[in-house]
Amino acid sequence: MHNIDIELVEMTLDVMKYVINRITKTSPELGQPKKEEELKALVGETITSEGIGGEKAFQLFRDVLVKATVPIDHPRHLAFVPASPTRAAIMFDLVTSASSIHGAYWMEGAGGIFCENEAMHWLVSLTGMPEGSFGVFTSGGTAANLSAMVAARENWRQDPINNDRKGIIIASVGAHSSVKAMAKVMDAEILLVPSEERMDAGDLNGLFQQLTKEKQERVFAVVATAGTTNAGIIDDLNGIADFCENQNLWFHVDGAYGGGALLADSVRHLFKGIEKADSITIDPHKWLFSPYDCGAILYKNPEIAKAAHSQEGSYLEIFKDEGAHGFNPSDYQIQLTRRLRGLPLWFSLAMHGVEKYKWAVECGITLANTAGAFITKDDHVELVREPSLSCVLFRRKGWTPDDYRNWTYENHRKGFALVTPTKWKNGDEFETVARFCFINPDTTEKDILDILATMH
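Rules and cut-offs
- Residues numbered from 1 in each chain as written.
- Predicted model: local features only at pLDDT ≥ 70, side-chain atom pairs only at ≥ 80, totals over all residues.
- Heavy atoms only, no water.
- Salt bridge = Lys/Arg side-chain N within 4 Å of Asp/Glu carboxyl O.
- Helix = DSSP H or I, 4+ residues; strand = E, 2+ residues; numbered from the N terminus.
- Buried < 20%, exposed > 50% of the residue type's maximum accessible area, 1.4 Å probe, protein only.
- Core = buried A, V, L, I, M, F, W, Y, C linked by side-chain atoms within 4.5 Å.
- Contact = heavy atoms within 4.5 Å.
- Pairing = 2+ DSSP bridges.
- Axes fitted to C-alpha atoms, helices over the stretch in contact; angles between N-to-C directions.
- Right-handed = clockwise from strand over helix to strand, strands pointing away.
- Parallel < 35°, antiparallel > 145°, perpendicular 65-115°, else oblique.

**As for the pattern of salt bridges**
Across all of its chains, the model carries 26 salt bridges by this definition. Among the ionic pairs, Asp265 bridges to Lys358, the shortest N-O distance being 3.3 Å. Residue Asp265 is found in the loop between β5 (250–255) and β6 (279–282), and its partner Lys358 is found in helix α14 (residues 354–377); the two are separated by 93 residues along the sequence. Taking the relative accessible area as the measure of exposure, Lys358 reaches 19% and is therefore buried. Among the ionic pairs, Arg405 bridges to Asp402, the shortest N-O distance being 2.4 Å. Taken as a pair, Arg405 and Asp402 lie in helix α15 (residues 401–413) at a separation of 3 residues, close to a single helical turn. A relative accessible area of 41% means that Arg405 is categorised as partly exposed.

**Some remarks on the nonpolar core**
The biggest cluster of nonpolar side chains holds 90 residues, and the ones touching the most others in it are Leu123, Met149 and Phe271. If we ignore the near neighbours within four places in the chain, the residues touching Leu123 are Phe137, Ile282, Pro284, Leu288, Ala296 and Leu298. One finds Leu367, Phe374, Tyr404 and Met455 within the second-largest nonpolar core, a separate group that totals 22 residues.

**Considerations on the sheet that holds strand β9 (residues 391–396)**
The 4 strands lie next to each other as β8-β9-β11-β10, forming an open sheet whose pairing is antiparallel. Every other strand in the sheet has two partners, leaving β8 (381–383) and β10 (421–426) as the edge strands with one partner each. With strand direction ignored, the average angle separating the axes of adjacent strands in the sheet is 50°. As paired strands, β8 and β9 are joined by 3 bridges and run antiparallel to one another. In the strand pairing of β9, Glu382 is matched with Arg395.

**Concerning the pairing of β5**
On a regular strand, each side chain points to the face opposite its neighbour's, so the side chains alternate between the two faces of the sheet. Taking burial as the measure, the 6 residues of β5 include 6 buried ones, the bulk of the element. Burial of the side chains of β5 extends over both faces: Trp250, His252 and Asp254 are buried on one face and Phe251, Val253 and Gly255 on the other. Two elements, strand β4 (residues 219–225) and β5, share 5 bridges in a ladder whose sense is parallel. Along β5, the bridge assignment pairs Val222 with Phe251. Taken together, β4, helix α10 (residues 237–247) and β5 form a β-α-β motif whose crossover is right-handed. The pairing of β5 with β6 spans 4 bridges and is classified as parallel. Looking at the pairing, Val253 lines up with Ile280 of β6.

**What about the packing of helix α13 (residues 343–352) against α14?**
Axis separation between α13 and α14 bottoms out at 6 Å; the angle between their running directions is 105°. Overall, the two elements α13 and α14 adopt an arrangement that is roughly perpendicular. Judged by residue contacts, Leu345, Ser348, Leu349 and His352 of α13 engage Val354, Lys356 and Tyr357 from α14.

**With respect to unusual backbone geometry**
Between Tyr292 and Asp293 the backbone carries a cis peptide bond, its omega angle lying at -5°. One non-glycine residue with positive phi stands out, namely Asp187, at about 60°. Along the chain, the position of Asp187 falls in the loop between α7 (177–186) and β3 (189–193). In this structure, Phe289 is a non-glycine residue whose phi angle is positive, near 65°. Here Phe289 is to be found in the loop between α11 (284–287) and β7 (295–299).

Okay, structure coming up:
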C-alpha cells in the first residue's frame, strides 16, 4: 500500500479533480444528514480484508457520503459560527498534509514552525499585547482555553498553600460552553456572573465580594469573552483587566469567535483592554478564514505556559538538546503530537496580504448591520438586540419554539439555507429566537432577504 503505482496516480488525479471542482464553487450543495443505517444501506461494507480499491472508495465519498454533510462555507449557512476558508488556505492544507511534518519540535519541523511563528507574531500584534508575548496554534478554542487555564492554575499553585486546593474560575453566563467543559476536565470549580449581556467589572466585583474569604482565595482566573458565540457581545475587557490586576488573578480573554474582528477598524475600539490579558484565545478557523481545525492561544508570559506544559520523557530529551535548539510548540499547550495547523493561515496571509483580510472581516460586520436594517423594516420580524460584531438575534412575531424548529428543518430540507434558532434570556425566562452569524464574504443582501421571506 506504500507503492507508487498506476492506482495511486489515478487516485491522485481523481482527488485533484474533486478539489479543484469543490474550491471553485461559491455555492456548494447544502447536504442533508442521514441516519447511520441509511448510509450503511447506501455504501455497504467499506472496510474489507482485501480492500474495495481507491476508485470505489472515492466514488462512495464523492457521490454519497459528502452529500450527507453540510459545507460550512455555504453562503446561506448562517448557523452556529460558520467558516469561509480561503482557497489558498485550503490548497495549502493539502500541502501541509503531503509534506508530513511533525509540528511538535523544532528539530523535526523547523521550517514549518517558522512559518507558523510568522503568523503568530502577526496575531500577537493584532492584540497589542506587550513585547515578549507569544503563543501556539491548537486544535481549536477548547484546547486553547484549556491550555490557558492549566497554565493559570499551575502558576497559582506556585504558592504551596494552593497545592491541595480546588481552584475556582469566574466567567459569565454568556461564556462559551468550552469554558464550563474545560473546568470539568481540570476538576476546577466555575462560578458564572448571571448576565448574558456584557459582563462588566461591577458585575464581576459584586459576585466576588459575595464569596467567603476561603472561596475568594481559591479563585485563580477570570475568563472574559471578546465576542460571545450567541450574540457577539464583548465584555468590559478594560474594567475586568483592572479588577484582575487588583486581585492578582489571571485574566483570560476568550476571543475564539470575535478575535478576528480585531482586524476591523470599525469595531477595534470595542476590544480596549484586551492587550492587558495574560492569555487570549483566537480561532483562525472561524473569522480568519483558515480550514478546520486551527485555534490559537496567546500568552503574555510564555514561560509560565512552558513551565505548565513542557513534557518530560527519555525519548524526548534530544529535543531539548542545544543541537536541536529552537521553538517547540508542544511546550506551550496540552498536546504533544500536533500537525502544523498554522501553515494554511501563514500561506494565505502571505499570498493575499493583511488588507484583504481586513476587508473580508468588515464584510461580516456590514452584513450583520444590513440584516438588522432589513429586520427593522420588516413587519413580521423584530430585533431582539442590536447586531453585535457579525451576530444578529431576532424574533418572528407570534412564533413558538416549534415554529422556529420547523422553519429550520424546512429550509435545510429544501437545500436552501441552514439557519438555526437559539435561546435568549428575556427577564427570568429563556426565549427561542432566530440568529444569523455572518462570516462568508460571498453571502449577499439577496440571501438575507430571501431567508427572511421564508418566515412570512
